[in-house]
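# Architecture at a glance
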Amino acid sequence: EVKQKGRDGWHFFNDSLEQKVRQRLSVTQGLRLAIERNELSPRFQPIVCADSGRIVGAELLLRWFPPEGEISPAIFIPIAEMTGAIVALGLWVFRQACRAEFDWRRRWSESAPAYISVNVSARQLSEQSLAEDFAEILRETGADPRRILLEITETSLMADIDNNLRVLQRLADLGMRVAVDDFGTGYSSLAQLTRLPVNVLKIDRAFVDGIETQSENRAVNRAIVGLARALGLKLVAEGVENIEQLLELRALGCDYIQGYLFHRPLEEPMFIDRFSHELQEQSLVGAEPPLFFLIYV
Ligand code: C2E
Ligand code: MG
Ligand code: MG
Ligand code: MG
């Protein structure tokens, strides 16, 4: 594509800006009705133990299917955050996670995944009623709060540290765990990190990408593994796409792995279908842990 300077350049700029504004407007209007129109759907992506390949958890990832076709969360989540629509969406998402936690525990009892991960955005943390609303949903659904992991990006955590500290403490008091999502992309003050009730770090995909070939990324991952150890936190690597990355992360001592190597995010019935057998097998006393890179690829 040729970008011209001068008048045409301006036209080009104006067009794309106008398109963006129009897209933002239609997303904003569409999102307002998405819940009642039944256009939202959760996906679940397994998170597995780096050593044994056992499924330890699943992350809920939101999907939106408006009439004109699917729109990626990378587009609609930031817009929902800007307009405040994320508050209602976030409660819907949290309810889905809680409902799944209850259903899965009833379905699989002890062999159910140990936790369900759910993304929470900064805008939700600034909502005064968040902890109360979550507590209410936990009660209504019968979910076990110790099996809910709240993922909050490093950038949003550090943005309003005093408020977040207060809110996270209330959520932790309810029994839920907290993960720092996309770790390594923000600017955490390590002092602040130790003040927050955090249990898990999730290494951003950007550092997993190229870990097999780029020594800088390997160095970053090694540093994050060391940090997690020192602070007593569990570590998840996201975006693991190939065996070389898996072996590298495992050698560094990363606890858990999430990525297309094992599975893409799945619709709930597919998740249940695909992993029921494995979940039951892995809970058998004395059962050999699966050599998961042979099984999942
Ligand atoms: P995230 O929380 O960091 O989620 C991980 C993203 O990486 C997901 O993208 C997932 O599908 C993708 N992914 C997983 N494994 C791989 C892999 O091996 N390779 C690659 N290339 N990608 C992989 P997704 O589902 O498009 O979501 C994007 C972001 O949107 C999420 O990043 C999260 O920040 C946000 N998001 C999604 N659902 C929700 C939600 O319910 N609430 C909030 N607040 N944010 C959400
Ligand atoms: Mg996440
Ligand atoms: Mg992430
Ligand atoms: Mg991300």
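Labelled according to an unreviewed UniProt entry, the chain appears under the name Diguanylate cyclase, originating from Methylomonas koyamae.

### Regarding the overall build of the chain
Of the regular secondary structure elements, the chain holds 13 helices and 9 strands. When the backbone C-alpha atoms are referred to their principal axes, the chain occupies close to 70 × 50 × 40 Å. Here the chain holds 297 residues, and 49% of them are scored as buried. Long-range contacts, defined as pairs at least 24 residues apart, comprise 69% of the intrachain contacts of the chain with a sequence gap of at least 6. Entry remark: accessible area of the chain is about 15,300 Å², with carbon and sulfur atoms responsible for 51%. Computing the positive centroid from 33 side-chain charges and the negative centroid from 42, the chain places the two 2 Å apart.

### Observations concerning the side chain of Glu 39
By secondary structure assignment, the location of Glu 39 is in the loop between α1 (6-34) and β1 (40-49). It is Arg 37 that comes nearest to the buried, bridge-free Glu 39 among opposite-charge side chains, at 4.2 Å. In contact with Glu 39, not counting residues within four places along its chain, are Gly 30, Ala 34, Arg 63, Trp 64, Phe 65, Pro 66 and Pro 67.

### Focus: the coordination of the magnesium ion (ligand 2)
Around a metal, the perfect tetrahedron of four donors has angles of 109.5 degrees, and the perfect octahedron of six donors has angles of 90 or 180 degrees. Coordination of the magnesium ion (ligand 2) by the protein involves Glu 59 (OE), Asn 119 (OD1), Glu 151 (OE) and Asp 181 (OD), with metal-donor separations of 2.0 to 2.2 Å. Motif for the magnesium ion (ligand 2), donor spacing along one chain: E-x59-N-x31-E-x29-D. On the basis of relative accessible area, Glu 59 is assigned to the buried category, the value being 3%. Of the residues examined, Asp 181 reaches a relative accessible area of 5% and is grouped as buried.

### A word on the site of ligand 1
Within the structure, ligand 1 sits among 21 residues, and Arg 63, Asn 119, Asp 181, Glu 241 and Tyr 260 are positioned closest to it. Asn 119 has a polar side-chain atom sitting 2.9 Å from an oxygen atom of ligand 1. A distance of 2.5 Å is found between a nitrogen atom of ligand 1 and a side-chain nitrogen or oxygen belonging to Glu 241. Bound to the protein, ligand 1 loses 85% of the 800 Å² it would expose on its own. Counting only elements with at least two residues in the shell around ligand 1, the list comes to β2 (55-64), α2 (73-83), α3 (86-108) and β5 (177-183). In terms of residues, the shell around ligand 1 owes the most to one element, β2, which gives 4 residues. When its residues are assigned to classes, the shell around ligand 1 shows 9 nonpolar, 5 polar and 7 charged.

### Quick word on the pattern of salt bridges
Taken as a whole, this structure holds 16 salt bridges when the rule is applied. Between Lys 202 and Glu 151 there is a salt bridge; the shortest N-O distance is 2.6 Å. With Lys 202 in strand β6 (residues 200-203) and Glu 151 in strand β4 (residues 148-153), the pair connects residues that are 51 residues apart, well separated along the chain. Residues Lys 202 and Glu 151 agree in their burial class; the two are buried. Connected through shared salt-bridge partners, Glu 59, Glu 151, Lys 202 and Glu 238 make up one network.

### What about the layout of surface pockets?
Considered as a void within the structure, the largest pocket measures approximately 1,200 Å³ in volume. Residue lining of the largest pocket: 38 residues in total, with Glu 59, Leu 61, Pro 73, Asn 119 and Asp 181 positioned closest to the centre. Listed by contribution, the elements that provide at least two residues to the lining of the largest pocket are β2, α2, α3, α4 (122-125), β4 and β5. Considered class by class, the residues forming the lining of the largest pocket number 14 nonpolar, 11 polar and 13 charged. Lining the second largest pocket are Val 56, Ala 114, Tyr 115, Arg 146, Arg 147, Leu 149, Arg 177, Asn 199, Val 200, Lys 234 and Tyr 256. Residues that form the lining of the second largest pocket fall into these classes: 6 nonpolar, 1 polar and 4 charged.

What counts and what doesn't
Residues numbered from 1 in each chain as written. Chains lettered and ligands numbered in written order. Predicted model: local features only at pLDDT ≥ 70, side-chain atom pairs only at ≥ 80, totals over all residues. Heavy atoms only, no water. Helix = DSSP H or I, 4+ residues; strand = E, 2+ residues; numbered from the N terminus. Buried < 20%, exposed > 50% of the residue type's maximum accessible area, 1.4 Å probe, protein only. Contact = heavy atoms within 4.5 Å. Areas by Shrake-Rupley, 256 points an atom, 1.4 Å probe, with all protein chains shown as cover. Lys, Arg positive; Asp, Glu negative; His and termini not counted. Charge placed at Lys NZ, Arg CZ, Asp CG, Glu CD. Salt bridge = Lys/Arg side-chain N within 4 Å of Asp/Glu carboxyl O. Donors = N, O, S within 2.8 Å, 3.2 Å for Na, K, Ca; no water. Near = heavy atom within 4 Å. Polar contact = N/O pair within 3.5 Å; in protein donor to acceptor, adjacent residues only side chain to side chain. Nonpolar A, V, L, I, M, F, W, Y, C, P; charged D, E, K, R; others polar. 1 Å grid on protein atoms, 1.4 Å probe; cavity = no way out; pocket = protein on both sides within 12 Å on 5 of 7 lines; lining within 4 Å. Points joined across faces, edges and corners; volume = space filled by probe spheres on them.

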